[in-house]
Amino acid sequence: MFANKEGQAVPQVTFPTRQGDEWVNVTTDDLFANKTVIVFALPGAFTPTCSSTHLPRYNELADVFKANGVDDIICMSVNDTFVMNAWLADQEAENIKVIPDGNGEFAEGMGLLVDKAELGFGKRSWRYSMLVKNGVIEKMFIEPQKPGDPFEVSDADTMLSYIAPQAAKPDSVSVITKPGCPFCAKAKQALIDAGIRYEEVILGTDATTVSLKAITGRSTVPQVFINGEHIGGSEELDAYLAK
């Protein structure tokens, strides 16, 4: 079994990172001193679970974490800084700080460096998350030691339930739009005014009218969805927000 290191200090490591066109060394103290930090570590950038679920949900809940005392959310992986930066840009995860544990020193110091040679990965980090306060680990969620890549306890919702079990989670909102549509602009502004974050699906870029009709049964935009409910167009959104 992996050792739980709650109550211990995080490993002292210097991470070479690429910021713009310069190399910048980032130390453990830079990341953790006098801060409350969430760390989630994963096997690799661009891998399926990491890209589809692990990182996006932490990014989605970032505002809730910050409202409950978290200063930074850090994603660590045994990848180089160029890969980590490219993955962050691809994910558009503006609320997450990626740290390249390229040599696996941090993962090894945590006792969570594992051999993924059968996948051609070499040495990688086991998947886990932790809450760190001023460099000391308060809580760890380590995935069970079983074959494959289990993803059961290191997720963002489990961490939020530990930090603030009564915290309200943000609505999941999607808006289907097309460029130059004034009603789309109106709907997006209404969501912004209500303090609701949304994801935009742009016809001609992200989808076509075929998908619009298949999903909504309509041919007009915008079409707004909130928590799985089809709200409709801009006027229907106004009525929904006025409730």
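Residues numbered from 1 in each chain as written. Predicted model: local features only at pLDDT ≥ 70, side-chain atom pairs only at ≥ 80, totals over all residues. Heavy atoms only, no water.

## Quick word on the pattern of salt bridges
Definition in use: Should a side-chain nitrogen of Lys or Arg be within 4 Å of a carboxyl oxygen of Asp or Glu, the pair is scored as a salt bridge. Helix and strand definitions follow DSSP, with helices as H or I runs of at least four residues and strands as E runs of at least two, each counted in order from the N terminus. Each residue is placed in one exposure class: buried if its accessible area under a 1.4 Å probe, protein chains only, is under 20% of its type's maximum, exposed if it is over 50%, and partly exposed if it falls in between.
Summed over the entire model, instances satisfying the criterion amount to 14 salt bridges. The shortest N-O distance in the salt bridge between Arg218 and Glu236 comes to 3.0 Å. One end of the pair, Arg218, is in the loop between helix H8 (209-216) and strand S12 (223-226); the other, Glu236, is in helix H9 (residues 234-241), with 18 residues separating them in the sequence. For Arg218, a relative accessible area of 32% gives the class partly exposed.

## So, helix H2 (residues 48-60)
Convention followed: What a helix should span is 1.5 Å times the count of its residues minus one. Contacts were defined at the residue level, with two residues in contact if any of their heavy atoms lie within 4.5 Å.
With 13 residues, H2 should reach 18 Å at 1.5 Å per residue; the first-to-last C-alpha distance of 18 Å fits that figure. Of all the residues in H2, the buried ones are Cys50, Ser51, His54, Leu55, Tyr58 and Asn59. If you follow the buried residues of H2, they end up packed against strand S3 (36-42), helix H3 (62-67), strand S4 (72-77), helix H4 (81-91), strand S8 (128-133) and helix H6 (156-163).

## Focus: the side chain of Lys116
Applicable threshold: In this count, Lys and Arg are taken as positive residues and Asp and Glu as negative ones, while His and the chain termini are left out.
For Lys116, the position within the fold is in the loop between strand S6 (113-115) and strand S7 (123-125). Comment: no salt bridge for buried Lys116; closest opposite-charge side chain is Asp149, at 5.1 Å. When near neighbours in sequence (up to four residues on either side) are disregarded, Lys116 contacts Phe121, Gly122, Arg124, Trp126 and Gly148.

## Concerning the pairing of S8
Quick note on the threshold: Any two strands between which DSSP finds at least two bridges are classified as paired.
Across the six residues that make up S8, a large majority, five, are buried. Note that S3 and S8 share six bridges and pair antiparallel. Across the sheet, the residue bridging to Ala41 is Tyr128, located in S8. Pairing of S8 with strand S9 (residues 136-142) involves six bridges; the strand directions are antiparallel. Bridging from a neighbouring strand, Val132 pairs with Ile137 of S9. The antiparallel hairpin formed by S8 and S9 contains two residues in its connecting segment, where Asn134 sits at a positive phi of about 50°.

Worth remembering: the numbers are spatial, not functional.
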